[in-house]
Amino acid sequence: MGAPKTGNVRNVVLVGQGGVGKTSLAEAMLHLSGKTARLGGHDGTKPTLDYDAEEVKREFSISTAIAPIDWKGARINVLDAPCYPDFIGDAYAAMSVVEAAIFVVDAAAGPQSTTVKLWYAAEDLRLARSVFINRIDRPDADYDACLDLLRERFGMRLGAVTLPWGTGEDFNGIIDIVRMKARRCEGVEQTEFEIPEEYRAAAEAAHETLTELVAEADDDLMERYLEGETLTQAEIEGLMAKAIAKRLFVPVFVGSCIKEQGVNSLMDDIASYFPAPTDYGEMPLIDGGTLKISSEDDRPVAFVFKTLNDPSQGRLSFIKVITGTVEPGLELVNARTRKGERLAHLNVMCGRDMTEVGHAYAGDIVVVPKLSAETGDTLSVSGKVEAAAFRFPNSQYRIAIEAENRGDEEKLFTFIDKACQADPTMRIERDEETGQTIISAVGEAQVSVLLNRLEDRTKVEAHIVPLRIPYRETIRRVASAQGRHKKQTGGAGQFGDCHLRVEPLLDGEDYEFVDEVVGGRIPRALIPAVDRGVQEAMRDGVIAGYPLTGVRVACYDGSYHPVDSNEMAFRAAARIALRKACAEADPVVLEPMRDITVTIPESYAGAVMGDVSASRGRVTGMDTNERGDTVVKATVPYAELTDYATRLRSLTRGNGDFEMEPAGYEQVPYDVQKHLVEFYEESRVQGR
C-alpha cells in the first residue's frame with residue numbers, strides 16, 4: 001500500500017448514536033473496496049475493526065479503529081470512532097484530525113442525543129458534515145420523517161444526494177440525485193438503471209433542492225441560477241466539492257450497510273467531492289497562531305491524536321502528518337517534553353493489522369510504535385510548534401478503587417496511570433485527605449473495561465469501594481476547658497497542664513493559635529508543644545472523626561512541674577483540653593459543596609431542578625445558551641453528587657452535560673450529622 005499524495009487523501013470519521021451501524025458501514029466500505037474478502041461482523045464473520053476482547057464481549061466499539069480504503073484514485077482514511085457515551089472521548093480526538101464527519105443515523109430513530117452532541121462538536125471544529133441514513137431496509141424505516149427530523153434539528157442546508165429506491169422489504173437500491181441514475185449493488189458489482197417513473201418526481205424535486213443549495217458556493221453560477229438558467233451536470237458536480245468544503249451543503253446519503261446498498265455511492269462522493277486536507281484550512285496552535293496543512297513545507301510536523309497500549313504490539317501512537325513528509329528513522333522533538341522522538345517505523349493500520357510504509361505525506365494518517373508521546377502532543381523539527389488541545393467530554397464520574405490484595409497497590413496504580421496517559425478522559429489520583437485512590441472517568445462502563453483489562457493483563461484484581469466524602473468539623477461558639485496530663489512511672493513522670501479557649505474563626509481561616517500565657521505559668525519553650533498537641537487533636541476531629549477547621553485556640557493559663565514537664569506531656573494535655581473545650585462549643589459537621597452547571601434541552605429542566613431539590617441543593621440561576629438549551633446553575637452537597645454523571649444521563653436520556661467545581665463548606669443538616677456521628681461511634685467500637 002503506497003503512500004498517497006496530499007491531494008488524494010480523504011480523512012473522514014464515522015460518528016453518531018451508539019448501535020446505529022457505524023462499524024457496519026466501515027466494514028461494508030472495506031469489503032466493497034476489496035480490502036476484505038467478506039463483510040466483517042455479519043453472518044458469523046469476525047469484524048475487522050472491533051477486534052478488542054472487550055469490544056467483542058460488549059458488542060460495541062470502545063476505541064477508534066482505522067480503515068484505509070483505496071477508491072477511485074483516493075485514499076479514504078475511515079476513522080470508526082466509538083460513540084457509546086463512556087468512550088466518546090475517542091470520537092472528539094478523531095474529529096480533530098479529519099476534514100469531514102459522516103453522521104450515521106438510524107432510518108427509524110432519527111438523530112439522537114449523542115448525534116446532537118457530536119454535531120455541535122463538528123460545528124465547533126468547522127468540519128464538513130454529511131449524513132448516512134442507515135437501515136432503510138427495516139420495516140419501520142421512514143426516510144422522509146428521518147430527513148425532516150434532521151432538518152428540524154440541524155437546519156435546512158441538509159440535502160439528499162441519494163434517495164431510497166423503496167423502503168423496508170421493498171428496498172432495492174438507491175437513486176443518485178447528482179447523476180440522476182438508480183443503482184443497485186449485486187455483491188461488489190454495481191448496476192445502473194434509469195430512475196423508475198414512480199420516483200421521477202421525488203428525484204427531480206431533490207435535484208432542484210440540491211442545485212439551489214450548492215449554487216451558493218459560486219456567486220456567478222448562483223446569479224445565473226436565480227435568473228432561471230439551468231446549470232449543467234458538470235457545473236453542479238463542480239459546485240459540490242466547493243459547497244461541502246465551505247460547509248454550505250450537508251449531503252444526505254441513504255442505504256443499508258448489511259445489504260451493502262448505497263455504500264458505493266457514498267464512497268464515490270467521498271472520493272469526488274469531500275475535502276482534501278489542504279481544503280480544510282489551518283490547524284490552531286497553542287500560541288494563537290495557525291498551521292496550514294501542506295506538503296510544500298519541508299519541515300515535518302506531526303500531531304498525535306491517539307495512543308494505544310496494545311497487549312501484543314505494545315504502545316502505538318496514531319499521528320496525522322500536518323506538514324512535510326515523514327520517513328522511518330526521522331527524529332522529531334516533542335513540544336510538551338522538549339525531548340526527541342524517533343519514528344523508527346511507520347505503519348498503515350487496518351483494524352489490528354499493520355503494514356509498514358516507507359513514508360507519509362502531509363494530510364495522511366499513520367501509526368508509529370514505541371513513542372513516548374501522549375495524546376495531544378505535537379512533534380516537529382524545532383519542538384516549538386504545539387497544536388491547540390482539542391475538546392474532551394467532562395470526566396465527572398469519580399469512583400474509589402482498592403486492590404484485592406494489599407501488596408498489589410503499586411501494580412494497580414502503575415497500570416491505570418499508563419492507561420490514563422493514553423486516554424485523557426481518565427485520571428487517577430491519590431486523595432491525601434481521604435486516603436483513597438480515585439479514578440475520574442466519563443462513565444461506569446469505561447471504568448469496568450479498565451478494571452477488566454487490569455485483571456487480564458496484570459492478574460491484579462481490584463474492586464470499587466464507596467467514595468469517602470471529605471467532611472470537616474467546626475465549632476459555633478466560645479468555650480474553655482482545662483487539659484491535665486499526669487503520669488507517674490516510678491522514675492521521671494509526665495506532667496502537663498494547660499487551659500484553652502476555643503472560638504470560631506469568622507474570616508475563613510482554618511486555624512489560629514494564640515499564646516496568652518503570662519507570668520511564666522507555662523515555660524515559653526513548651527508553648528509550641530501545646531500548639532502541636534492542638535493540631536494533632538484537630539486532625540482527628542471531636543465528634544465524627546473529621547478534621548477540625550475554622551478554630552482560633554488561645555492558651556491562657558496552665559502549670560508545670562520543673563522535673564516532670566516536657567513536650568510530650570504538654571501535647572497530651574493540649575489534646576485533652578481541646579476535646580473538652582470543643583465539646584462545649586457546639587461542634588458541628590461541615591460538608592463540601594459543589595457549584596454545578598447543567599446544560600440540557602428545555603424539556604428536561606423540570607426534572608433536573610426537581611432532582612437538585614431532592615438532593616438538598618438549591619438552584620441559583622437558569623439561562624438559555626446560544627443553541628437554545630437550558631442552563632441550570634445550582635449549589636449541591638458533594639455527597640449527593642457522587643453518582644450524578646450516571647443520574648443525569650438517566651434523567652435526560654443522555655441529553656445532559658454538566659460541569660462541577662468546589663463551592664466551599666456548609667453545615668450539614670441535623671439528621672445527617674446524627675448519622676455521621678453514629679457511624680463514627682460504631683466504627684470505633686468495631687475497631688475500624
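Everything that follows concerns the structure shown earlier in this document.
A few points on the structure. What you see is a predicted model; the values in this text were computed from it and never measured.

About the thresholds
Residues numbered from 1 in each chain as written. Predicted model: local features only at pLDDT ≥ 70, side-chain atom pairs only at ≥ 80, totals over all residues. Heavy atoms only, no water. Pairing = 2+ DSSP bridges. Helix = DSSP H or I, 4+ residues; strand = E, 2+ residues; numbered from the N terminus. Axes fitted to C-alpha atoms, helices over the stretch in contact; angles between N-to-C directions. Core = buried A, V, L, I, M, F, W, Y, C linked by side-chain atoms within 4.5 Å. Buried < 20%, exposed > 50% of the residue type's maximum accessible area, 1.4 Å probe, protein only. Contact = heavy atoms within 4.5 Å. Patch = residues over 30% accessible without salt bridge, like charges linked within 9 Å, V, L, I, M, F, W, Y side chains within 5 Å. Areas by Shrake-Rupley, 256 points an atom, 1.4 Å probe, with all protein chains shown as cover. Salt bridge = Lys/Arg side-chain N within 4 Å of Asp/Glu carboxyl O. Lys, Arg positive; Asp, Glu negative; His and termini not counted. Charge placed at Lys NZ, Arg CZ, Asp CG, Glu CD. Parallel < 35°, antiparallel > 145°, perpendicular 65-115°, else oblique. Nonpolar A, V, L, I, M, F, W, Y, C, P; charged D, E, K, R; others polar.

### Re the sheet that holds strand β9 (residues 181-186)
Pairing within the open sheet is antiparallel, and its 4 strands lie in the order β7-β8-β9-β10. A single partner strand is all that each edge strand has here, and the edge strands are β7 (162-165) and β10 (189-193). Going from strand to strand, the sheet's axes swing by 30° on average, the running direction of each strand aside.

### A closer look at the nonpolar core
Counting 119 residues, the largest nonpolar core has Val 15 and Val 131 as the members making the most contacts within it. Apart from residues no more than four positions distant in its own chain, Val 131 is found in contact with Phe 103, Val 105, Trp 119, Leu 150, Leu 158, Val 250, Pro 251, Val 252 and Phe 253.

### What to know about the sheet that holds strand β5 (residues 128-134)
The 7 strands are arranged β2-β3-β1-β4-β5-β11-β6 in an open sheet whose pairing can be described as mixed. Of all the strands in the sheet, just β2 (65-71) and β6 (158-160) have a single pairing partner and so form its edges. When the angles between neighbouring strand axes are averaged without regard to direction, this sheet yields 25°. Pairing of strand β4 (residues 100-106) with β5, which is carried by 7 bridges, proceeds in the parallel orientation. Its bridge partner being in β5, Asp 106 is matched across the sheet by Asn 134.

### Topic: a negative patch on the surface
Among the surface-exposed residues, Asp 142, Asp 144, Asp 148 and Glu 152 lie close enough to one another that they form a single negatively charged patch. Along the polypeptide, Asp 148 turns up in helix α5 (residues 143-154). Relative accessible area serves as the criterion here: at 47%, Asp 148 is assigned to the partly exposed category.

### Structural notes on the side chain of Ser 63
Secondary-structure assignment places Ser 63 in the loop between α2 (53-58) and β2. Overall, Ser 63 belongs to the buried group, its relative accessible area being 15%. Leave out the neighbours within four places in its chain, and Ser 63 touches Glu 55, Asp 80, Pro 82, Asp 90, Lys 306 and Leu 308.

### Description of the packing of helix α1 (residues 22-32) against helix α9 (residues 263-273)
Interhelical geometry of α1 versus α9 gives an angle of 80° and a closest axis separation of 10 Å. With respect to their mutual orientation, α1 and α9 come out roughly perpendicular. Residues Leu 25, Ala 28, Met 29 and Leu 32 of α1 touch α9, and the partners they reach there are Val 263, Asn 264, Leu 266, Met 267 and Ile 270. The residue inventory of the contact of α1 with α9, partitioned by class, reads 8 nonpolar, 1 polar and no charged.

Purely geometric numbers; function is a separate question.
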